[in-house]
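# Observations on the three-dimensional arrangement
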Amino acid sequence: MTVSSAPGKVYLFGEHAVVYGEPAVPCAIERRARVTVEQRADDKLRVQADNLSLDGFTVEYGGRTDGHPDVDVPEHLITAAMGYVDEAIEQVRDVTEEPDAGFDVIIESDIPLGAGLGSSAAVVVAAIDAATRELGATLEVDELAERAFQTEYAVQDGQASRADTFCSATGGAVRVEGEDCRRIDAPDLPIVIGFDGGAGETGELVSGVRALREEYAFAADTVETIGNVVRRGEAALEDGNLEEVGRLMDFNHGLLSALGVSSRSLDTMVWAARDADALGAKLTGAGGGGCIVALDQTEASETALRFTPGCEDAFRAELAETGVKRLE
Ligand code: PMV
């Protein structure tokens with residue numbers, strides 16, 4: 001039996017624009033997916049996901065991936081989660097040259113599904129790491145990140161950047177621009193997350209931005225402007241200037257809103273944090289619903305979010321310095 005865990009992430013800057021080659025800065029957070037893997041005597045795959053998320057999204061599911069789980073979460077989220085595990089195991093069979101390897105896989109995660117916190121990337125990174133180690137191979141972190149990216153790329157029909165998977169594999173704050181991925185120095189960030197209990201459809205949201213970009217030159221300019229905000233954001237992080245980081249996060253949220261990927265609940269949570277004097281607040285991830293990230297050294301934003309209608313959960317998240325953790 002082999003166990004690995006990997007963290008979720010927030011985007012401090014640059015989601016969506018990263019799809020068009022602009023830089024993005026995600027940051028790993030201490031909310032983890034933990035995957036336990038045991039090799040089977042046959043070539044089958046059995047996936048058990050007892051708790052794939054926070055309150056409101058509990059999945060009680062034991063069965064083969066081709067079964068029909070009896071669950072209380074939207075079917076597309078389960079199909080998606082299981083699709084990621086199937087493809088991750090394909091990557092493991094390929095990299096270990098053991099095409100007939102079968103596994104029992106148990107997934108536990110405290111990252112809300114599809115809510116902009118990188119739940120799928122964390123599951124994929126931890127699953128590939130645990131399953132390769134179960135077969136006696138240990139991947140370098142860069143190779144692990146690359147295999148995890150290939151998994152997301154396949155499952156998401158080519159609509160995936162390297163941001164989530166690289167960040168989850170390496171931990172810390174990272175900078176991603178096309179194929180160039182690296183860790184960057186970041187100060188201690190007072191991260192607060194608000195979650196509306198929902199999830200956006202990443203594929204649809206990415207396609208929506210693509211269509212806007214094709215229709216309006218100013219939408220393409222907006223994407224480029226996000227890139228400029230990210231570059232200023234990187235400099236502010238390097239200087240440890242949290243006020244400037246917050247101001248630029250506000251700017252980034254406005255531009256994402258203009259591209260149509262925010263929602264009433266995300267905007268409401270962003271404004272609740274701003275009214276509580278957060279240094280800055282923005283949606284994180286694909287948008288449409290899910291999570292916002294705010295920076296606040298005081299308790300005010302978290303408290304305000306807890307009392308905000310439409311906010312299901314609010315919590316502080318530490319930056320995760322370590323990406324993948326090899327537990328057993
Ligand atoms: O919602 P998430 O965590 O899957 O993030 C999506 C981020 C996008 O930039 C919209 C797409 C991508 O793959 O980078």
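Described below are features of the structure shown in this document. Residue indices follow the written sequence of each chain, beginning from 1 at its first position. Whole-chain, interface and lining totals are the exception, using all residues; otherwise, since this is a predicted model, local features are given only for residues with pLDDT of at least 70 and side-chain atom pairs are given and counted only at 80 or more. By convention in this description, side-chain values take in all heavy atoms of the structure and omit both hydrogens and water.

Surveying the vicinity of the ligand reveals 14 residues, the closest of which are K9, H16, S161, D164 and A286. Between the ligand and S161 there is a distance of 2.6 Å, counted from an oxygen atom to a side-chain nitrogen or oxygen. N or O atoms within 3.5 Å of each other form a polar contact, as long as, within protein, one can give a hydrogen and the other can take it, and as long as residues adjacent in sequence are counted only when both atoms are side-chain atoms. One of the backbone nitrogen or oxygen atoms of A286 is found 2.8 Å away from an oxygen atom of the ligand. Taking a 2 Å distance to the grid points as the criterion, the majority of the atoms of the ligand fall inside the largest pocket. Residues were grouped as follows: Ala, Val, Leu, Ile, Met, Phe, Trp, Tyr, Cys and Pro as nonpolar; Asp, Glu, Lys and Arg as charged; and all remaining residues, including Gly, as polar. Its residues placed into classes, the shell around the ligand shows 6 nonpolar, 5 polar and 3 charged. All domain edges in this entry derive from an automatic or database-based domain assignment. Structurally, the shell around the ligand is a two-domain feature, drawing no fewer than three residues from each of domain 1 (2-185) and domain 2 (191-317). When at least one non-hydrogen atom of a residue lies within 4 Å of a molecule or strand, that residue is treated as near it. Cavity means a closed set of points on a 1 Å grid over the protein atoms alone, one where a 1.4 Å probe fits but cannot get out, pocket means an open set with protein on both sides within 12 Å along at least 5 of 7 lines, and lining means a residue has an atom within 4 Å of a point. In this scheme, a molecule is assigned to a cavity or pocket if more than half of its atoms are within 2 Å of the grid points.

This next bit is on the packing of helix α2 (residues 119-134) against helix α3 (residues 141-155). Closest axis-to-axis distance for the α2/α3 pair is 9 Å, and the angle between their directions is 125 degrees. Classified by the interaxial angle, the pair formed by α2 and α3 is oblique. Here the hand of the crossing between α2 and α3 comes out right-handed. Contacts between α2 and α3 involve S120, A121, V124, V125, I128 and D129 on the former and, on the latter, L144, R147, A148, T151 and E152. What counts as an axis is a line fitted to C-alpha atoms, over the stretch in contact for a helix, and the angles between N-to-C directions run from 0 to 180 degrees. Numbering of helices and strands runs from the N terminus; a helix is a DSSP stretch of H or I covering at least four residues, while a strand is a stretch of E covering at least two. Just so you know how the angles are binned, under 35 degrees is roughly parallel, over 145 roughly antiparallel, 65 to 115 roughly perpendicular, and the rest oblique. The handedness criterion is simple: a crossing whose near helix is rotated anticlockwise from the far helix by less than a right angle is left-handed, and one whose near helix is rotated clockwise is right-handed. Residue contacts are counted whenever heavy atoms from the two residues lie within 4.5 Å of one another.

Phi is positive for H16, close to 70 degrees, though the residue is something other than glycine. When you line up the elements, H16 lands in the loop between β1 (2-13) and β2 (25-39). Judged by its relative accessible area of 6%, H16 is buried. Residues other than glycine seldom take positive phi values, yet E97 does so here, at roughly 55 degrees. Note on placement: E97 falls in the loop between α1 (75-96) and β5 (103-109). In this scheme, a residue with accessible area under 20% of its type's maximum is buried, one over 50% is exposed, and one in between is partly exposed, where area comes from a 1.4 Å probe on protein chains only. Assessed through its relative accessible area of 69%, E97 is described here as exposed.

Stacked, tilted and edge-to-face are the three classes assigned to paired rings of Phe, Tyr and Trp, where Trp is represented by its six-membered ring and a pair needs centres within 6.5 Å; plane angles under 30 degrees give stacked, over 60 edge-to-face, the rest tilted. Taken as a whole and assessed by the stated rule, the structure comprises 2 aromatic pairs. Relative to Y153, the ring of F149 lies with its centre 5.5 Å away and its plane at 55 degrees, an arrangement referred to as tilted. Of this pair, F149 and Y153 both sit in helix α3, separated by 4 residues, roughly a single helical turn. Overall, Y153 belongs to the partly exposed group, its relative accessible area being 41%. Consider the rings of Y216 and F218, whose centres lie 4.8 Å apart with planes at 20 degrees: the pair is stacked. By relative accessible area, which is 32% here, Y216 ends up partly exposed.

Moving on to helix α5 (residues 202-215). Taking 1.5 Å of rise per residue, the 14 residues of α5 would be expected to cover 20 Å, and the 20 Å separating its terminal C-alpha atoms lies within 8% of that figure. All of the buried residues along α5 are L205, V206 and V209. Buried residues of α5, viewed axially, fall in a sector of 100 degrees; they line one side. The exposed set on the far side of α5, more than 90 degrees from its buried face, consists of E204, E214 and E215. Structurally, α5 contributes buried residues whose contacts are with α6 (217-239). A helix's residues, less one, multiplied by 1.5 Å, set its expected span. Each direction from the helix axis to a C-beta atom contributes to the arc, which is the arc of those directions.

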